[in-house]
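Listed below are the residues making up each chain.
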Amino acid sequence: MGILYKVIGIGAAISLQLVIGLTCIEIIAFRVPYYEKQYIKNQVFQAVEMEPEELLWVTEEMLLYLKDERDTLDMIATVGENQREFFNQREKQHMEDVKYLFIKAYQLRKVSIILFFSCVVFLVYRRIKWLHVLLKGIQWTTGILLGFIILLSAIIAINFTKAFTIFHEIFFSNDLWLLDYETDWLIRMVPESFFVDISVKIGSSILIALFLQWIGTSFYSRHLKMKEKI
């Protein structure tokens, strides 16, 4: 039964990390002010020939679509001196694929929340030292993930473009993500430099969350052991 408890503790810890990681992605990826800063940094307003207020409106509507709070990406915007459908068909199809990934991520987070609390309830119900088991599971999981993410980050940093391509080849079954700067406004809105910055921001947030958990569980586990000896 000892092995079973350890497995359940690790299962709870992994579920918790999925919730935290996906929440970090959501918080960062769906903040319009972050996009505004990136647009200024990457001179996107000039690249798309739009007024800031107009492009930020398009951005906000696009994010609502990705959160499944808007049915389509059909929207008319003023580009230069002309009004036009902002996204073309290829961009809409690609964003439909992106939206699908986010919806699946939301579903995974919900399942992870349920699994985490189910594991905790089971450990408490079995009347064992459930907190020890949970803390140890979090400590092991965060330690392994810290090492893995640091290694992965180093590999990605060597050639971000290659890593970006591999990511798309894994998660998309078509080539709709291969956009043309001359015809597709989406690639002007979010160039590769945008994805470099947001990847660093998301990765850093997750690493900080993992490190704080690892430090916290290590110290608290030691505190519980010392308390039991008294």
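Rules behind the numbers
Position labels on residues start from 1 in each chain and follow its written sequence. Note on the predicted model: pLDDT of at least 70 is required for a residue's local features to be given, and 80 or more for side-chain atom pairs to be given and counted; whole-chain, interface and lining totals, by contrast, use all residues. Only heavy atoms go into the side-chain values, all of them from the structure, while hydrogens and water stay out. Secondary structure elements are defined from DSSP: runs of H or I of at least 4 residues count as helices, runs of E of at least 2 residues count as strands, and each element is numbered from the N terminus. Radius of gyration: C-alpha atoms only; globule rule: 2.2 Å multiplied by the number of residues to the exponent 0.38. By this rule the span expected of a helix is its residue count minus one, scaled by 1.5 Å. Exposed residues in this analysis have more than 50% of their type's maximum accessible area, buried residues have under 20%, and partly exposed residues fall in between, with area computed by a 1.4 Å probe over protein chains only. In this description, the arc belongs to the directions extending from the helix axis to the C-beta atoms. Two strands pair if DSSP finds at least two bridges between them. For Phe, Tyr and Trp, where Trp contributes only its six-membered ring, two rings pair if their centres lie within 6.5 Å, and the inter-plane angle classes them as stacked under 30 degrees, edge-to-face over 60, or tilted in between. The rule is short: NZ of Lys or CZ of Arg within 6 Å of the ring centre and within 35 degrees of the ring normal puts a charge over the ring. Between N-to-C directions, angles span 0 to 180 degrees; the directions come from axes that are lines fitted to C-alpha atoms, helices contributing only their stretch in contact. Crossing handedness: left-handed means the near helix sits turned counterclockwise from the far one by under a right angle, and right-handed means the same turn made clockwise. Here a residue-residue contact requires only that any non-hydrogen atoms of the pair lie within 4.5 Å. Just so you know the grouping, Ala, Val, Leu, Ile, Met, Phe, Trp, Tyr, Cys and Pro go in nonpolar, Asp, Glu, Lys and Arg go in charged, and all remaining residues, Gly too, go in polar. The set of buried Ala, Val, Leu, Ile, Met, Phe, Trp, Tyr and Cys residues whose side-chain atoms join them within 4.5 Å is what this entry labels a nonpolar core. Salt bridges are defined by distance alone: a side-chain nitrogen of Lys or Arg within 4 Å of a carboxyl oxygen of Asp or Glu.

### Digging into the overall build of the protein chain
Piece 1. Regarding its fold elements, the protein chain presents nine helices and two strands.
Piece 2. When the elements of the protein chain are put in sequence order from the N terminus, they spell out α-α-α-α-β-β-α-α-α-α-α.
Piece 3. Taking 230 residues into account, the globule formula puts the C-alpha radius of gyration at 17 Å, and the protein chain, at 22 Å, lies well above it.
Piece 4. Expressed as lengths along the three principal axes of its C-alpha atoms, the size of the protein chain is roughly 75 × 35 × 30 Å.

### Observations regarding helix α7 (residues 160-171)
Piece 1. Between its terminal C-alpha atoms α7 stretches 16 Å, which fits the 16 Å expected from 12 residues at 1.5 Å a residue.
Piece 2. Every buried residue belonging to α7 is among F160, F164 and H168, and all of these are buried. Projected down its long axis, α7 shows its buried positions confined to an angular sector of 75°, all on one face. For α7, the exposed residues set more than 90 degrees away from the buried face come down to K162, E169 and I170.

### Things to note about the pairing of strand β1 (residues 76-79)
If a strand is regular, its side chains alternate between the two faces of the sheet.
Piece 1. By the alternation rule, side chains of β1 split into A77 and V79, which are all buried, and I76 and T78, of which none is buried.
Piece 2. Pairing analysis gives four bridges linking β1 to strand β2 (residues 82-85), with the strands arranged antiparallel. When the bridges of β2 are listed, I76 appears paired with E85.
Piece 3. The hairpin formed by β1 and β2 contains two residues between the paired strands, and G80 there has a positive phi angle of roughly 65°.

### Details of the packing of aromatic side chains
Piece 1. In this structure the tally under the stated criterion is 13 aromatic pairs.
Piece 2. Ring geometry for Y34 against F194: centres 6.1 Å apart, planes inclined by 55°, an arrangement best described as tilted. Placement of the pair is Y34 in helix α2 (residues 32-41) and F194 in helix α9 (residues 192-229), with a sequence separation of 160 residues.
Piece 3. An aromatic cluster of at least three residues, connected via ring pairs, comprises Y34, Y35, Y39, F45, F160, F164, F194 and F195.
Piece 4. Its guanidinium or amino end placed over the ring of Y65, K99 lies 4.2 Å from that ring's centre, counting from NZ or CZ.
Piece 5. Its guanidinium or amino end placed over the ring of Y181, R188 lies 4.4 Å from that ring's centre, counting from NZ or CZ.

### Notes on the packing of helix α5 (residues 89-125) against helix α6 (residues 130-158)
When two helices pack together, their arrangement is given by the angle between their axes and by how far apart the axes lie.
Piece 1. Across the interface, α5 lies against α6 with an axial gap of 9 Å and an inter-helix angle of 145°. Note that α5 runs across α6; the crossing there is right-handed. Facing F116, V120, L123 and V124 of α5, the residues of α6 in contact are W130, V133 and L134.
Piece 2. Each residue belonging to the contact of α5 with α6 can be placed in one class, and the counts come to seven nonpolar, no polar and no charged.

### Digging into the nonpolar core
Piece 1. L55, F86 and F87 are the most contacted members of the largest nonpolar core, which totals 42 residues.
Piece 2. What F87 contacts, discounting residues up to four positions off in sequence, is V58, M62, L73, M75, K92, L186 and M189.

### As for the pattern of salt bridges
Piece 1. Taken as a whole, this structure holds seven salt bridges when the rule is applied.
Piece 2. Among the salt bridges present, the one from E61 reaches R70, with a minimum N-O distance of 2.7 Å.
Piece 3. For K92, the salt bridge identified is with D74, shortest N-O distance 2.5 Å. Placement of the pair is K92 in helix α5 and D74 in the loop between α4 (52-66) and β1, with a sequence separation of 18 residues.
Piece 4. For K92, a relative accessible area of 16% gives the class buried.

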